[in-house]
Amino acid sequence: MRRRAATALVLLLTGCSTGPSLETKGAVTAAPGDSHQLTVGSAGFTESDLLAQMYALLLDRAGYKTSLLTVANRELYEPALESGQIDVVPEYAATFADWLNAKTNGADAAPVGSPDLDATMTALRRLAAPRGLTVLDAGRAVDQNAFAVSAAYARQHDLKTLSDLGASGLEVRLAAGDECVQRPYCEPGLKKTYGIDITGVDPKGVGTTQAKKAVQSGRDQMVLTTTTDATLTEFGLVLLADDKHLQNADYVVPVVNRSRAGSEGVTKALGKLNDVLTTADLASMNQQVDSWRRLANDVARTYLEDKGLLK
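The rules behind each value
- Residues numbered from 1 in each chain as written.
- Predicted model: local features only at pLDDT ≥ 70, side-chain atom pairs only at ≥ 80, totals over all residues.
- Heavy atoms only, no water.
- Helix = DSSP H or I, 4+ residues; strand = E, 2+ residues; numbered from the N terminus.
- Rg over C-alpha atoms; globule rule 2.2 N^0.38 Å.
- Contact = heavy atoms within 4.5 Å.
- Areas by Shrake-Rupley, 256 points an atom, 1.4 Å probe, with all protein chains shown as cover.
- Lys, Arg positive; Asp, Glu negative; His and termini not counted.
- Charge placed at Lys NZ, Arg CZ, Asp CG, Glu CD.
- Axes fitted to C-alpha atoms, helices over the stretch in contact; angles between N-to-C directions.
- Left-handed = near helix turned anticlockwise from the far one by under 90°.
- Nonpolar A, V, L, I, M, F, W, Y, C, P; charged D, E, K, R; others polar.
- Disulfide = S-S within 2.5 Å.
- Buried < 20%, exposed > 50% of the residue type's maximum accessible area, 1.4 Å probe, protein only.
- Salt bridge = Lys/Arg side-chain N within 4 Å of Asp/Glu carboxyl O.
- Phe/Tyr/Trp six-rings, centres within 6.5 Å; stacked < 30°, edge-to-face > 60°.
- 1 Å grid on protein atoms, 1.4 Å probe; cavity = no way out; pocket = protein on both sides within 12 Å on 5 of 7 lines; lining within 4 Å.
- Points joined across faces, edges and corners; volume = space filled by probe spheres on them.

> Is there a simple way to explain the overall build of the chain in this structure?
Counting secondary structure elements, the chain contains 13 helices and 10 strands. Taken over the C-alpha trace, the chain has a radius of gyration of 20 Å; the compact-globule value for 311 residues is 19 Å, and the two agree within 12%. Oriented by its inertia axes, the alpha-carbon framework of the chain measures out at about 55 × 45 × 35 Å. Here the contacts in the chain between residues at least 6 apart in sequence split such that 76% fall between residues at least 24 apart. Split by element, the accessible area of the chain, about 14200 Å² in all, is 50% carbon and sulfur. Each charge class in the chain can be summarised by its mean position, and for the 32 positive and 37 negative side chains these summaries are 5 Å apart.

Pasting the structure below:
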């Protein structure tokens, strides 16, 4: 079945309200709503599309009528989620916590996302609730920043973890975004937490083809990418484990508009994904869409059927 794409994007771009104000917190204490027509949002990249498709299929299965809407900018889709123009969206715990924290407390607010999932979720839910948003439980799937080296380089130096690389004393040129020189999870963290000798950052972006080719060719020794990168094997690359937990807890979490989709029915339908979806599953599905050119809806449906969540 083809699911219709919502056509109200112009309204989202020009007419979003901001949902309950922080001065009217009482407005979000009403009983959770259970609208049976729900709009599932996607941020427009492959993984978000796949998650949105799976959410919609599971909600369809539970008796809801769903539509999909892609809004690639969090600055637009988050207010739409508050206002009820979007009812459900896949998010990442630590990133979303820090984003809401900056929105609430200013750009200079100390980060609240951390490698500790429980602490991150507590902070995220505290920030989301006054905005009329409910953050559902995280599952096992996580899309964190990650670092990869060539498989040959890893074999040559017996590297399996970032600690191994730090202990090796090897000089490392890192392919990453230019912001890496300042971000605590990147160059500063690699030096402080792991003792890795970063000699320079090659500004080729995060997980880009150009960055991976630089490591494949030996120009650089390591690349900043993500744990669900689907193309590492195509470049002969392998991830080094973040064994000291430098990266924040960016577990996949559904976020819902409480007044429209805060019901037990929605929570139960989406919670089924937590029992099965892993980081490796996400990487595999990303690969099917990005490398094999399969449609996200087909990949999502096949996955859910294989896991027994759809019939």
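From this point, the narrative continues.
> Would you take a moment to explain the packing of helix α12 (residues 279–290) against helix α13 (residues 296–306) for this structure?
For any two helices packed against each other, one specifies the inter-axial angle together with the distance between the axes. Across the interface, α12 lies against α13 with an axial gap of 9 Å and an inter-helix angle of 145°. The two elements α12 and α13 cross, and the hand of that crossing is right-handed. Seen from α12, the contacting residues are Asp281, Met285, Gln288 and Val289; seen from α13, they are Ala296, Val299 and Tyr303. Looking at the contact of α12 with α13 residue by residue, the class counts come to 5 nonpolar, 1 polar and 1 charged.

> Got a minute to help me understand the state of the cysteines in this structure?
In a disulfide, the sulfur atoms of two cysteines are held together by a covalent bond. For the structure on display, the rule yields 1 disulfide. Each disulfide pairs two cysteine sulfurs, and for Cys180 the partner residue is Cys186, the sulfurs being separated by 1.8 Å. Judged by the torsion about the S-S bond (-85°), the Cys180/Cys186 disulfide is left-handed. For the residue pair Cys180 and Cys186, the accessibility class agrees, reading buried in each case.

> Looking at this structure, how should I read the pattern of salt bridges?
Pairs can form between side chains of opposite charge whenever their charged atoms are close. Overall, the coordinates contain 13 salt bridges when judged by the stated rule. Residue Lys160 pairs with Asp158 through a salt bridge whose shortest N-O separation is 3.5 Å. The network of salt bridges with common partners includes Arg173, Asp202, Lys204, Arg219 and Asp220.

> What's the story with the packing of aromatic side chains in this structure? I'm lost.
One pair of aromatic rings is described through two measures. These are the centre distance and the angle between the planes. If you walk through the whole model with that rule in mind, you get 1 aromatic pair. Look at Phe96 and Trp99: their rings are 6.4 Å apart centre to centre, the planes differ by 10°, and that puts the pair in the stacked class. In this pair, Phe96 and Trp99 both sit in helix α4 (residues 93–105), 3 residues apart, roughly one turn of the helix. Accessibility assignment for this pair places Phe96 and Trp99 in one class, buried.

> Looking at this model, I keep getting lost on unusual backbone geometry. Mind explaining?
Leaving glycine aside, a negative phi is the common case for residues, and trans is the common case for peptide bonds. Look at Asp158: it is not a glycine, yet its phi comes out positive at around 55°. Judged by relative accessible area, which is 55%, Asp158 ranks as exposed. Despite not being glycine, His245 has its phi angle at roughly 55°, a positive value.

> Looking at this structure, I do not really get empty space enclosed by the protein. What am I missing?
Space left empty within the atom packing is revealed by a probe, the size of a water molecule, rolled over the atoms. Under the defined criterion, the tally for this structure stands at 1 cavity of 30 Å³ or more. Its volume calculated, the largest cavity comes out at about 80 Å³. Leu51, Tyr55, Gly139, Arg140, Ala141, Val252, Val253, Pro254, Leu270, Leu273, Asn274 and Leu277 are the residues that line the largest cavity. Listing elements by their share of the lining of the largest cavity, those giving two or more residues are α2 (46–61), β10 (252–257) and α11 (264–274). Across the lining of the largest cavity, the residue classes break down as 9 nonpolar, 2 polar and 1 charged.

> Could you clarify how one ought to interpret the side chain of Lys204 in this entry?
Tracing the backbone through its elements, the reader meets Lys204 in the loop between β7 (197–203) and α9 (209–217). Beyond its immediate sequence surroundings of up to four residues, Lys204 is in contact with Ala176, Gln210, Ala211, Ala214, Arg219 and Asp220.

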